[in-house]
Structures are given as C-alpha cells and as structure tokens.
Amino acid sequence: QVHLVESGGGLVRPGGSLRLSCAASGGNFSRYPMAWYRQAPGNQRELVAVATSDGNTNYTRSVKGRFTISRDTAKNTVDLQMNSLKPEDTAVYYCNLRRYFANFWGQGTQVTVSS
C-alpha cells in the first residue's frame, strides 16, 4: 500500500525559511504527479504546488516566487522549500500522490509562522 510521510514542519518567524520533505513507499511513483497541499483552520484544503512526472512544476499564486517544489524519483521523495514565510502560510501541510483519480495522503506536518 502507498505510504507517505511528511517531515520538516515547525515554528518559524515571518521572513524565515523552512524545508518540508515527503518520503513515499509502497511502489514506484515516477509516472504520477505529486503535490503539496495545505489546510488552515476554517479553510478548505488548498493546492500549493505540483510536480509532474516530466519535471514540470506549478504553484498557487500566493506562494509563487517564494516556494519551490522538487522531486527525487530515485529516492521517492518530494520536497517543498519555503522562503519569505508569512503568517498567512500557517497551516497543516500535506503531501499528495495522485494515481489517476485515486489520492494518497500523508499525515500532515504543522507549519506555524509567527513572531
């Protein structure tokens, strides 16, 4: 079974940086897109960044220029480098794997941006 585990969350001051990592197990995922989502209290789960199987990336407007998603298919990992963090970035961040119409999720990691 597919298993995703996030790590790297924590408390960061505004303007700081954080790097999230997602380790996948249970198969070969190089053919499928992977993504980072986030969900803040009272909000819907929001797509943050996507990395496709051919190496293309896309970002939601609010993080474009500040966040970078990267994949290492040999290690079955996907990272999210977050720079210039804002309080509005505070949320639980989830790693996602989409296989056709099936979604697989990690347990989430908390990111809190506060002074």
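The structure displayed is predicted, hence computed values, not measured ones. What you see as residue numbers is a count from 1 along each chain, following the sequence as written. This being a predicted model, a pLDDT of at least 70 is required before a residue's local features are given, and a value of 80 or more before pairs of side-chain atoms are given or counted; all residues contribute to the totals for chains, interfaces and linings. Based on all heavy atoms of the structure, the side-chain values leave hydrogens and waters out of the count.

Caption draft 1: Quick look at the pattern of salt bridges. Salt bridge, as used here: a side-chain nitrogen of Lys or Arg that lies within 4 Å of a carboxyl oxygen of Asp or Glu. What the rule picks out here adds up to 4 salt bridges. For the salt bridge of Glu46 with Arg38, the shortest nitrogen-to-oxygen distance reads 2.9 Å. For the exposure calls, accessible area comes from a 1.4 Å probe over protein chains only, and a residue counts as buried if that area is under 20% of its type's maximum, exposed if over 50%, partly exposed in between. Overall, the relative accessible area of 29% leaves Glu46 in the partly exposed class. A residue is classified by how much of its surface remains accessible, and Arg38, at 6% relative accessible area, is buried. One salt-bridge network, in which partners are shared between bridges, spans Arg38, Glu46, Arg66 and Asp89.

Caption draft 2: Just the pairing of strand β9 (residues 91-99), in detail. Examined bridge by bridge, strand β4 (residues 34-39) and β9 share 6 bridges and lie antiparallel to one another. Bridge pairing in β9 links Trp36 to Cys95. For two strands to be treated as a pair, DSSP must find no fewer than two bridges joining them. To qualify as a helix, a DSSP run of H or I must reach at least 4 residues; to qualify as a strand, a run of E must reach at least 2; elements of each kind are numbered from the N terminus. Where β9 meets strand β11 (residues 109-113), 3 bridges bridge the pair, whose relative direction is antiparallel. Paired with Val92 across the strands is Gln110, a residue of β11. Sheet topology places β9 next to strand β10 (residues 102-105); 4 bridges connect them, and they run antiparallel. When the bridges of β10 are listed, Asn96 appears paired with Trp105. Here β9 hands over to β10 after 2 residues, with Tyr100 in that stretch at a positive phi of 60 degrees.

Caption draft 3: Inspection of the packing of aromatic side chains at higher detail. Planes of paired rings set the category: under 30 degrees apart is stacked, over 60 is edge-to-face and the rest tilted, where pairs are Phe, Tyr or Trp rings (Trp by its six-membered ring) whose centres lie within 6.5 Å. Within this structure, the stated rule accounts for 3 aromatic pairs. Considering the side-chain rings of Tyr32 and Tyr100, the 6.3 Å spacing of their centres and the 75 degrees angle between planes classify their relative orientation as edge-to-face. Here Tyr100 lies in the loop between β9 and β10 and Tyr32 lies in the loop between β3 (18-25) and β4, a separation of 68 residues in the sequence. Taken together, the ring pairs connect Tyr37, Tyr94 and Trp105 into an aromatic cluster.

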